[in-house]
Amino acid sequence: MKAAVFYGKSDIRVETGYRKPEVGEDEILIRVKACGVCGTDLHIFSGAQGATDCSPPVILGHEIAGVAEAVGSRVTRIQPGDPVTVNPNIFCEACAFCRSGKPHLCDTMKATGVNFDGGFAQYCKVLEKQVYRVRDEIQFPVAAMSEPLSCCLHGIDLLGLQAGGTVMVIGGGTIGMIMLQLAVLSGASKTVLLEINEARFPLARKLGADVVINPQRNDAGAVLADNGIRNIDAVIECAGHPTSVQDAIRYAGRGGKVMLFGLTEPGCSVPFYPFAAFQKELTILSSFVNPDTQERAVGLINAGKLRLEELIGERISLDEIQKAFAPGPRNGKTIVLP
């Protein structure tokens, strides 16, 4: 089969003779139809650590959707021909964290597309417990968005958004646009997006942003005041830059919550002034992967509750995989179509 194999920092190669996986009794072979490129993939490619340690050679790609091609003898929930998507994370289910309801903090968590061969290939095998069926009508690039959506849901859960609150999202990339929609679904009475790329403004407004601000061109505080916004109840930082982390803490209102969701560089550090947090009694949170939200993410996709198709940018073949890792800005989620 054809696969894009990661061999080490800045080294990914398309190979045509890679062995097609054989399924065990609890496994499912998926013919991959779409696999999203995540910021974690980019970090691993650049030599940084992902959510788990990666030991190449390995096929990256953990935002997977496709068709069940074959199933093991003990598989009961999925039949050959079913359209499916995947939760890439595999927990030991035996450590103290797993047994106390925090499996995403598992001592030995592994992941398809990081530790085991993933979706930048024509075929991928996973355990039955990782697989979720999607409706036949769902396009595979949209189904592949279930994994990032499930991570966003975990962040929203931790925030505990209340209906009627005011929510600011910083960063209007794919994750920011998902968070914006989830804030609206959670009942936010007013939503604000901070984004420096004004080409994203029309879509942000279409997806529910009441106020959109370019903080490099406008005084965000003044714009908020002009729109009658005096207190931000929750800020979701999705850009992963030191300045946007500082902005999140700056704009969070009294009694507010800050969710640090954007994937920063591993060595990133940010000046922090505790007195400012004390004055506003801020709660500062972070979110890690998706412990129990994949089912709900697939449910939202199956029900058509989110506009995900519009968040997809470039669609590329395996032969074009180098495009996905090229430096520079990206216009929407890049999807690999094996």
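Rules and cut-offs
- Residues numbered from 1 in each chain as written.
- Predicted model: local features only at pLDDT ≥ 70, side-chain atom pairs only at ≥ 80, totals over all residues.
- Heavy atoms only, no water.
- Core = buried A, V, L, I, M, F, W, Y, C linked by side-chain atoms within 4.5 Å.
- Buried < 20%, exposed > 50% of the residue type's maximum accessible area, 1.4 Å probe, protein only.
- Pairing = 2+ DSSP bridges.
- Helix = DSSP H or I, 4+ residues; strand = E, 2+ residues; numbered from the N terminus.
- Axes fitted to C-alpha atoms, helices over the stretch in contact; angles between N-to-C directions.
- Contact = heavy atoms within 4.5 Å.
- Salt bridge = Lys/Arg side-chain N within 4 Å of Asp/Glu carboxyl O.

A. Region of interest: the nonpolar core. One finds L149, I178, M179, L182, I236 and L308 to be the most contacted residues of the largest nonpolar core, which totals 44 residues. The next biggest cluster of nonpolar side chains, apart from the first, holds 37 residues, and it includes A3, I28, F120 and A121.

B. Broad picture of the sheet that holds strand β14 (residues 234-237). In space, the six strands of this open sheet follow the order β13-β12-β11-β14-β15-β16, with parallel pairing throughout. Across the chains shown, the open sheet's two edge strands, defined by having one partner strand only, are β13 (211-213) and β16 (283-286). Averaged over all pairs of adjacent strands, the angle between strand axes in this sheet comes to 15°, irrespective of strand direction. Alignment of strand β12 (residues 190-194) against β13, held across three bridges, turns out to be parallel. Counterpart to L194 in the pairing with β13 is I213. Contacts from helix α4 (residues 146-159) reach β14, β15 (257-260) and β16, with the element oriented near 155° to β15. Where helix α5 (residues 174-185) meets the sheet, it contacts β11 (166-170), β12 and β14, and its direction lies at approximately 175° from that of β11.

C. Looking closely at the pattern of salt bridges. This structure, assessed with the given rule, holds 20 salt bridges. For the salt bridge of D11 with R13, the shortest nitrogen-to-oxygen distance reads 2.8 Å. Classification of R13 as partly exposed rests on a relative accessible area of 41%. Between K129 and E93 there is a salt bridge, and its shortest N-O distance comes to 2.8 Å. Of the two residues, K129 is situated in the loop between β9 (123-127) and β10 (131-133) and E93 in the loop between β7 (89-90) and α2 (96-99); the sequence distance between them amounts to 36 residues.

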